[in-house]
Amino acid sequence: MNGLKVLVRRMSQTKKWEPLARVGILGVPFEKGQKKYGVSVAPAALRCAGLVEQLRQIEGLDVKDFGDVDTPKSPPSARVDNMEHLEQVSACAQALSVRVAEVLRDDRVVITIGGDHSIGVGSVDGHYKVNEDMILIWVDAHADINTNETSDSGSVHGMPVALLCRELSDYWPYLPTMDWQVPRFSIKNLGYIGLRSVDSYERLAIEKYNIPTFAMEDVDTHGIKSSVQHVLQQLDPRGEKPIHVSFDIDSLDALEAPSTGTPVRGGLTLREGINMMETIYATGRLRAVDLVEINPAIGTDTDRRHTIDAGLSILKAALGAPRRGTAPKGVLDLPKPTTA
Ligand SMILES: [Mn+2]
């Protein structure tokens, strides 16, 4: 190793991470990665609910809304190789990848508002092109690591992780419209939190590649904070890599976030979701957050409001919003409990 390389390595070892006080928002009104109507209106619904204004209330945060990514207007294409609307999914992800890289190069944390989870292909691809050493935390009730062969539904929102990871590229046929996307992200840099509905093939993949996974029962055992810290520690023991969180709203319990296409009970509470994001924010290394699968067309007005509010709370926690309001730090001076 030459002297320059040693110097660069030493510098990266001593690099002190701090949260970026600049954020860029991208909307992705896209829903062809799954079958239900409505996910594509989530970016508009979140903006109407005060997304930008609420983030601007976080002290010192510079918030820029970059608007929506161009989504393909072509009529839905036929199912190819058990992948529905692959052409549109691919075109959308490609456009998103370019925009995500632009926002990151503008020295901002990129917040990508989906859309269904197929857009993760674009956001992670764009992030990887800027930070090749990134790690990815996939927060979800589902593992989203099916291939076209193992998927029952043919919906691409169940396949983004398998499309992204280079170790899984041999399991795919040649996908002509995906030429732009070379899967170079390594599965060794992936961790899961919140899983509770995993297909048998997906379980095989998680075991084969030893993916750090904190399913709901593990979160019950260890608590959310140490679950997150374990995943971070396993993926990046020295704490020197940029973090991408792909947050599916269905990771939250269906009571807290009912307006979503594939809800599963027994999920994270909103407080656990907030705690997780605060823990990741505190590393100073969070550079990208996807918030996907909010479907305002599902459920009652109250369901919709709860789901959107939950999403906003997750984003605020990811960007350093304090939860205690004006309450003082520390524990109140409580009287000692009396023993009988
Ligand atoms: Mn998902």
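Description of the structure in this document. (Residues numbered from 1 in each chain as written. Predicted model: local features only at pLDDT ≥ 70, side-chain atom pairs only at ≥ 80, totals over all residues. Heavy atoms only, no water.)

1. Some details on the side chain of Q88
- Relative to the helices and strands, Q88 resides in helix α4 (residues 86-105).
- Given the relative accessible area of 2%, Q88 is considered buried.
- Ignoring anything within four residues of it in the chain, the contact list for Q88 reads F30, P72, S74, P75, P76 and S77. (Helix = DSSP H or I, 4+ residues; strand = E, 2+ residues; numbered from the N terminus. Buried < 20%, exposed > 50% of the residue type's maximum accessible area, 1.4 Å probe, protein only. Contact = heavy atoms within 4.5 Å.)

2. Regarding the layout of surface pockets
- Roughly 420 Å³ of internal volume is contained in the largest pocket.
- Residue lining of the largest pocket: 23 residues in total, with H142, S153, H157, G158 and T262 positioned closest to the centre.
- Across the lining of the largest pocket, the residue classes tally to two nonpolar, eleven polar and ten charged. (1 Å grid on protein atoms, 1.4 Å probe; cavity = no way out; pocket = protein on both sides within 12 Å on 5 of 7 lines; lining within 4 Å. Points joined across faces, edges and corners; volume = space filled by probe spheres on them. Nonpolar A, V, L, I, M, F, W, Y, C, P; charged D, E, K, R; others polar.)

3. Considerations on the packing of helix α10 (residues 270-281) against helix α11 (residues 301-318)
- The interhelical angle for the contact between α10 and α11, taken along N-to-C directions, is 25°, at an axis separation of 7 Å. Judged by the angle between their axes, α10 and α11 are roughly parallel. Relative to α11, the crossing made by α10 is right-handed. Contact with α10, carried on its side by L270, G273, I274, M277, E278 and Y281, involves A310, S313, I314, A317 and A318 of α11 and no other residues of that element.
- When its residues are assigned to classes, the contact of α10 with α11 shows eight nonpolar, two polar and one charged. (Axes fitted to C-alpha atoms, helices over the stretch in contact; angles between N-to-C directions. Parallel < 35°, antiparallel > 145°, perpendicular 65-115°, else oblique. Left-handed = near helix turned anticlockwise from the far one by under 90°.)

4. Observations concerning the side chain of N146
- Relative to the assigned elements, N146 resides in the loop between β4 (135-139) and α6 (160-164).
- Side chain to side chain, N146 and T150 meet in a polar contact 2.6 Å long.
- Only 2.8 Å separates the side chain of N146 from the side chain of D199, close enough to count as a polar contact.
- Dropping the residues within four chain positions of it, N146 is found in contact with S151, G158, M159, A162, W172, D199, Y201 and E202. (Polar contact = N/O pair within 3.5 Å; in protein donor to acceptor, adjacent residues only side chain to side chain.)

5. Some words on the pattern of salt bridges
- As enumerated under the stated definition, the model contains 17 salt bridges in all.
- Across the salt bridge formed by D236 and R285, the nearest N and O atoms sit 3.4 Å from each other. Taken together, the residues D236 in the loop between α9 (224-235) and β7 (243-248) and R285 in the loop between α10 and β8 (286-292) connect sequence positions 49 residues apart. Comparing D236 with R285, the two get one shared label, buried. (Salt bridge = Lys/Arg side-chain N within 4 Å of Asp/Glu carboxyl O.)

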